[in-house]
Amino acid sequence: MADKALHLRIAGRVQGVGYRAWLCGEARSRGLTGWVRNRSDDTVEAVVSGPVDAVEAMVILCRDGPPAALVSGVETAAWDEVLPDGFNGLPTL
């Protein structure tokens, strides 16, 4: 099956609740590559890449997030830029 890459913007109470660390762990456990970071507008931004089923499952998980999060929305868009190996947390932008 082909790979898929998506850019995610997650809104709601998603900063200060362990969302980035949770997303990194979930993505790594599924063998996905990409990155995650907080944005200065209080959203979390991520790119997830890997097998279609794993990426789509990750998007579904992101709609709930970790226990302390309160997600109000997840926007997705195709991503076609080169990604580093592994899954990494990036500094806030």
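Residues numbered from 1 in each chain as written. Predicted model: local features only at pLDDT ≥ 70, side-chain atom pairs only at ≥ 80, totals over all residues. Heavy atoms only, no water.

Draft legend 1. Summary view of the overall build of the protein. Within the protein, the secondary structure is distributed over two helices and five strands. Reading the helices (α) and strands (β) of the protein from amino to carboxyl end gives β-α-β-β-α-β-β. In terms of C-alpha radius of gyration, the protein reaches 12 Å, essentially the compact-globule figure of 12 Å for 93 residues. Judged by the C-alpha coordinates and their principal axes, the protein covers about 35 × 25 × 20 Å. The burial tally for the protein puts 41% of its 93 residues in the buried class. For the protein, the share of sequence-separated contacts (at least 6 apart) that also reach a separation of at least 24 residues comes to 78%. Accessible surface, the protein as shown: approximately 5,000 Å² in total, 51% of it carbon and sulfur. Put simply, the protein has 9 plus and 12 minus side-chain charges, and the middle of one group is 6 Å from the middle of the other. (Helix = DSSP H or I, 4+ residues; strand = E, 2+ residues; numbered from the N terminus. Rg over C-alpha atoms; globule rule 2.2 N^0.38 Å. Buried < 20%, exposed > 50% of the residue type's maximum accessible area, 1.4 Å probe, protein only. Contact = heavy atoms within 4.5 Å. Areas by Shrake-Rupley, 256 points an atom, 1.4 Å probe, with all protein chains shown as cover. Lys, Arg positive; Asp, Glu negative; His and termini not counted. Charge placed at Lys NZ, Arg CZ, Asp CG, Glu CD.)

Draft legend 2. View of the pairing of strand S3 (residues 44-51). For S3, a buried count of seven out of eight residues is recorded, marking the element as mostly surrounded by other parts of the structure. In this structure, strand S1 (residues 3-13) lies alongside S3, joined through eight bridges in antiparallel fashion. Paired with Leu8 across the bridge in S3 is Ala46. Strand direction decides the pairing type here: strand S2 (residues 33-38) and S3, joined by six bridges, are antiparallel. Residue pairing in the sheet places Trp35 in a bridge with Val47 of S3. The turn linking S2 back onto S3 is made up of five residues, and Asp42 within it adopts a positive phi angle of 75°. (Pairing = 2+ DSSP bridges.)

Draft legend 3. Up close: the sheet that holds S2. Here we have five strands laid out as an open sheet, ordered S4-S1-S3-S2-S5, and mixed in their pairing. Both edges of this open sheet fall to strand S4 (70-78) and strand S5 (87-89), since each of them pairs with a single strand only. Taken pair by pair, the neighbouring strands of this sheet meet at an average axis angle of 20°, ignoring direction. Along the sheet face, helix H1 (residues 19-29) touches S1, S2, S3, S4 and S5 and points at about 170° away from the line of S5. (Axes fitted to C-alpha atoms, helices over the stretch in contact; angles between N-to-C directions.)

As far as function goes, none of this settles anything; it's purely spatial.
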